[in-house]
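# Breakdown of the fold
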There are 2 protein chains.
Amino acid sequence: MTDRGTKRYAGIRAAVVGTGLIGGSVLLRLAESGLDVAGWDPDLATREQARARGVAAPDTLEQAVADRDVVFLGGPLPTLPRTLARVAAATAPGCVLTDVGSTKVEVAEAADRLGLTDRFVPGHPMAGAESAGLAAASTTLLAGAAWVLCPAPGAATAGFRWLTGLLVELFDARVVPMSAPAHDSAAALASHVPHLLAGALAGAAQRAPLRDAVLALAAGSFRDGTRVAGTPAERTANMLLGNRARVLHELADVTEFLDGLAAALRAGDAAALTARYAEAAAVRSALLDRRYAERDREFPAEGDHAAEVTWLRELGDAGGHLTGCRVDTGSVAYTAWLPVTD
Amino acid sequence: MTDRGTKRYAGIRAAVVGTGLIGGSVLLRLAESGLDVAGWDPDLATREQARARGVAAPDTLEQAVADRDVVFLGGPLPTLPRTLARVAAATAPGCVLTDVGSTKVEVAEAADRLGLTDRFVPGHPMAGAESAGLAAASTTLLAGAAWVLCPAPGAATAGFRWLTGLLVELFDARVVPMSAPAHDSAAALASHVPHLLAGALAGAAQRAPLRDAVLALAAGSFRDGTRVAGTPAERTANMLLGNRARVLHELADVTEFLDGLAAALRAGDAAALTARYAEAAAVRSALLDRRYAERDREFPAEGDHAAEVTWLRELGDAGGHLTGCRVDTGSVAYTAWLPVTD
């Protein structure tokens, strides 16, 4: 990660509320970048840990967020709407708010109800670990991550642009612009259903009469296939419950493909089985061999931003991302990348 | 890996028939250990590759296996029974035969039909890679792997003991002794069902309207959960078809657990969801935190070996393994390890 970010965003004052694994990693990286940053967590021991790592951690949320230019919201998903309301009440209207939660529709709707859509930009850095808490956080966990931000037309666009620039400069982020519903649909398949499958494989193994023999034979496929079943159970449950309808919808597509594999296996149909696996392998190639072409765009700095937001969402839906956003006099320039389809 | 193995097994002559990823890795390690070893593969280009890597690769199977003390059988699963018959016909009765296939009942039954149970020891090293062929093989792929061998009473025991010592010394193997049916049941859950789940997740993603957005958001859980869907489709199909009944049986247990997770999610039952994930997490802890206690045993070198084979199979069923086997005058001594249950 370069330190050029400290130039453009050097003067800003940031805060992170909810400093567990993800929020804590945001906090530590902002502090490392030389920003004036404060963290707050409802857990006293976590606040003391933050101080021990050299970061300001006042005793109250209100002290932590007062007079900040940007506040990142972390912590358990179900707490985000209430945290958002508290942080909004304690900050000026010009303070940009964003979150790092793993589902976006619920918190976006909460922001709507609270009248905060002009300055709340829903966000989701795509990174994680089996571990939890500030103790497991690091300055590098989010380095280079895909980081979803949800743009919206009108006044909200300014916050999206500014935050995009900040994330690129301070986290080397690939910012993926998506609507909240598109994010939750894609994340259901990219993250939430994989957690269900891992839980099912691990749970069945735990109950198996030959459990210890299974563990003795466990090589790559079992280790990889169960890894996220080791994440804290409550966090996983919150994530799934926060995106329930979409997760169940995507799960149905996955079990349909699984049923097809099982039917081919049951029938002893090698050709059908091989054909389905060839289809499955295609997505692995697409994942591993992705190449991108640069597709930069400019838009007027002022206006209702409708065309800009439409272009941004289409970019994200197509698997693209941003690695730059600069507002100059009269215009905004995006550095954008689209996957090349062969 | 130590080179002490070259002392005890220095004089032996080995062959590997079917030198793809696994067979090729056996071949390369045996050659590296200084053994007199020859490889054979029906594919001419593969034989030339072997020669280019400095290993003898005669033009016919019969030349490769003539006068050998041990022959390892690799290659596609469905070819193993026929390969076994050819190799048996071309070797002396004292030549120990083993295979490296991913299912064991079918090949064990073939050996029974061929009257080869006295000298064929079914085997399965638990290692692999998405890649295939001798080009992807390496001297280290199997280093330290769990390596299933199927012991049987009577004359077969001698081959099992001798091979156990060889694998420990030359591959640093943890030899897991199991019956062929127990292996196939455990491997169904430890390896084959994970391949089905990975295929289903990857296949559904490939078909998803938001496929490119899913790939843009794919972080650890999707990458890990689909990894083995990238293995050669035909190899995966052969593996599943070679263990069809047991795979479908274990799959039913996994989908039952998955249905339970989905029902809890559908009902919005956070407590039930968390409880099931806690159960799933337990097997991850068991996998990652396993500790072993040494449980060495001796048996008479001669006799029908029934007690010895029973003990060996129980050791494997309990998740244990061997790291040594030495036959001295009148007795056989195993170095054995059992998982410690807290």
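Here the residue numbering is sequential within each chain, running from 1 through the sequence in written order. Here every chain gets a letter starting at A, and every ligand a number starting at 1, in the order they are written. The model is predicted, so local features are restricted to residues of pLDDT at least 70 and side-chain atom pairs to those at 80 or more, both for listing and for counting; the totals for chains, interfaces and linings are taken over all residues. Heavy atoms throughout the structure, all of them, feed into the side-chain values; hydrogens and water do not.

For chain A, the name recorded in an unreviewed UniProt entry is Prephenate dehydrogenase/arogenate dehydrogenase family protein, with Micromonospora acroterricola as its organism.

## Topic: the overall build of chain A
Convention followed: Runs of H or I in DSSP of at least four residues are treated as helices and runs of E of at least two as strands, each being numbered from the N terminus. Radius of gyration: C-alpha atoms only; globule rule: 2.2 Å multiplied by the number of residues to the exponent 0.38. Exposure categories follow from relative accessible area, calculated using a 1.4 Å probe and restricted to protein chains: below 20% of the type maximum is buried, above 50% is exposed, and the middle band is partly exposed. Pairs of residues are marked as contacts when any of their non-hydrogen atoms sit within 4.5 Å. For accessible areas, the Shrake-Rupley method is used with a probe of radius 1.4 Å. Any residue's cover is judged against the shown protein chains and nothing else. The charge count includes Lys and Arg as positive and Asp and Glu as negative, but it does not include His or the ends of the chains. A charge is said to be at NZ when it belongs to Lys, at CZ for Arg, at CG for Asp and at CD for Glu.
Helix and strand counts for chain A come out as 14 helices and 12 strands. Here the C-alpha radius of gyration of chain A, 21 Å, is about what a compact globule of 342 residues would show, namely 20 Å. Going through the 342 residues of chain A one by one, you find that 56% of them count as buried. If you take every contact in chain A between residues at least 6 apart in sequence, the share linking residues at least 24 apart comes to 70%. Within the structure as shown, chain A displays about 12,700 Å² of accessible surface, and the carbon and sulfur contribution to it stands at 51%. Between the centroid of the 32 positive side chains of chain A and the centroid of its 39 negative side chains there is a distance of 3 Å.

## Here's the deal with the interface of chain A and chain B
Worth spelling out the cut-off: Take the accessible area each of two parts loses on contact, using a 1.4 Å probe, and add the two losses: that sum is the buried area. Polar contact criterion, stated in full: a pair of N or O atoms within 3.5 Å, where within protein one must be able to donate a hydrogen and the other to accept it, and residues adjacent in sequence count only if both atoms are side-chain atoms. Note on residue classes: Ala, Val, Leu, Ile, Met, Phe, Trp, Tyr, Cys and Pro are nonpolar, Asp, Glu, Lys and Arg are charged, and everything else, Gly too, is polar.
Across the contact, 91 residues belong to chain A and 91 residues belong to chain B. Around 7,900 Å² of area is buried between chain A and chain B when both sides are counted, 72% of it from carbon and sulfur atoms. It is A:L217, A:L265 and A:Y277 in chain A that bury the most area against chain B; as a group they hold 10% of the surface buried on that side. Where chain A packs against chain B, one counts 18 residue pairs in polar contact (both at pLDDT 80 or more). If one sorts the elements of the side of chain A that touches chain B by residue count, helix α8 (residues 180-207) of chain A sits on top with 22 residues. Class assignment of the residues belonging to the side of chain A that touches chain B gives a composition of 57 nonpolar, 17 polar and 17 charged.

## Side note on the relation of the copies chain A and chain B
Rules: All copies are superposed by least squares; the fitting set is the C-alpha atoms of residues with a pLDDT of at least 70 in both.
Of the two same-sequence chains, chain A is brought onto chain B (RMSD 0.0 Å, axial shift 0.0 Å) by a rotation of 180°. Those values place the two copies in the arrangement expected of a two-fold rotation axis.

## Some words on the packing of aromatic side chains
Cut-off, in case you're wondering: Classification of ring pairs rests on two measures: the distance between centres of Phe, Tyr or Trp rings, Trp counted by its six-membered ring, which must be within 6.5 Å, and the angle between planes, read as stacked under 30 degrees, edge-to-face over 60 and tilted in between. Only lysine NZ and arginine CZ atoms are considered, and such an atom sits over a ring when it is within 6 Å of the ring centre and within 35 degrees of the ring normal.
Counted according to the given criterion, the structure contains 10 aromatic pairs over all chains. Ring-pair connections join several aromatic residues into one group, and the members of that group are A:F299, A:W311 and A:Y334. The ring of B:F257 carries B:R276 above its face, with NZ or CZ at 4.6 Å from the centroid.

## Quick word on the sheet that holds strand β5 (residues 120-121) of chain A
All names here are of chain A. Selection rule: At least two bridges found by DSSP between two strands is the condition for calling them paired. Angles shown run from 0 to 180 degrees and are taken between the N-to-C directions of axes, each axis being a line fitted to C-alpha atoms and, for helices, limited to the stretch in contact.
One open sheet holds the 5 strands; their spatial order is β2-β1-β3-β4-β5, and the pairing between them is parallel. Looking at the sheet topology across the chains shown, the edges are occupied by β2 (36-40) and β5. Bridge count between strand β1 (residues 13-17) and β2: 5 bridges; the pairing is parallel. Its bridge partner being in β2, A15 is matched across the sheet by A38. Packed onto the sheet, helix α7 (residues 156-171) meets β3 (70-73), β4 (96-99) and β5 and runs at close to 75° relative to β3.

## With respect to the sheet that holds strand β3 (residues 70-73) of chain B
Residues and elements named next belong to chain B. Sheet architecture is open: 5 strands sit in the order β2-β1-β3-β4-β5, paired in parallel fashion. The open sheet terminates on both sides in strands that have one partner only, identified here as β2 (36-40) and β5 (120-121). Sheet topology places strand β4 (residues 96-99) next to β5; 2 bridges connect them, and they run parallel. By the bridge assignment, T98 is partnered in β5 with V121.

## Section: helix α5 (residues 80-89) of chain A
In an α-helix, one turn spans 3.6 residues; hence positions three or four apart end up facing the same way. All names here are of chain A. Worth spelling out the cut-off: This arc is taken over the directions from the axis of the helix to the C-beta atoms.
Within the sequence span of α5, burial applies to L80, T83, L84, V87 and A88. Taken end-on, α5 shows its buried residues confined to a sector of 130°, consistent with a single buried face. Along α5, exposed side chains directed more than 90 degrees from the buried face belong to R82 and A89. Where α5 is buried, its residues meet β1, α4 (61-65), β3, β4, α6 (105-113) and β5.

## Overview of the confidence of the model for chain A
For clarity, the cut-off: Confidence of the predictor at the level of single residues is captured by pLDDT, which takes values from 0 to 100.
Mean pLDDT over chain A works out to 94, with 98% of the residues at or above the 70 mark. Per-residue pLDDT stays below 50 along residues 1-6 of chain A; that stretch engages in 16 contacts with residues further than four places along the chain or on separate chains.

## Observations concerning the domain arrangement of chain A
Residues and elements named next belong to chain A. Rules: Where each domain starts and ends comes from a domain assignment, either automatic or drawn from a database. Each reported salt bridge corresponds to a side-chain nitrogen of Lys or Arg within 4 Å of a carboxyl oxygen of Asp or Glu.
Partitioning chain A into domains gives domain 1 (5-178) and domain 2 (184-288). Between the C-alpha centres of domain 1 and domain 2 the distance comes to 31 Å. In this assembly, 14 residues from domain 1 lie in contact with 14 residues from domain 2. Summing both sides of the interface, domain 1 and domain 2 together bury roughly 1,000 Å²; the carbon and sulfur share of this comes to 57%. Summed over the shared surface of domain 1 and domain 2, the number is 0 salt bridges. Remark: the boundary between domain 1 and domain 2 carries 4 residue pairs in polar contact (both at pLDDT 80 or more).

## Things to note about the environment of A:D41
Residues and elements named next belong to chain A. Looking at where D41 falls in the secondary structure, it is placed in the loop between β2 and α3 (44-52). You can call D41 buried: its relative accessible area is 11%. Leaving out residues up to four positions away in the same chain, D41 has contacts with G18, T19, G20, T46 and R47. Within the structure, the side chain of D41 is placed 2.9 Å from the backbone nitrogen of D43, a separation counted as a polar contact.

## Remarks on a negative patch on the surface
Going by this rule: Residues forming no salt bridge and having over 30% relative accessible area are the ones grouped into patches, like charges within 9 Å of each other and nonpolar side chains (Val, Leu, Ile, Met, Phe, Trp, Tyr) within 5 Å.
On the surface, A:E294, A:D296, A:E298 and A:D328 cluster together into a patch of negative charge. Looking at the element boundaries, A:E298 is found in strand β10 (residues 297-300).

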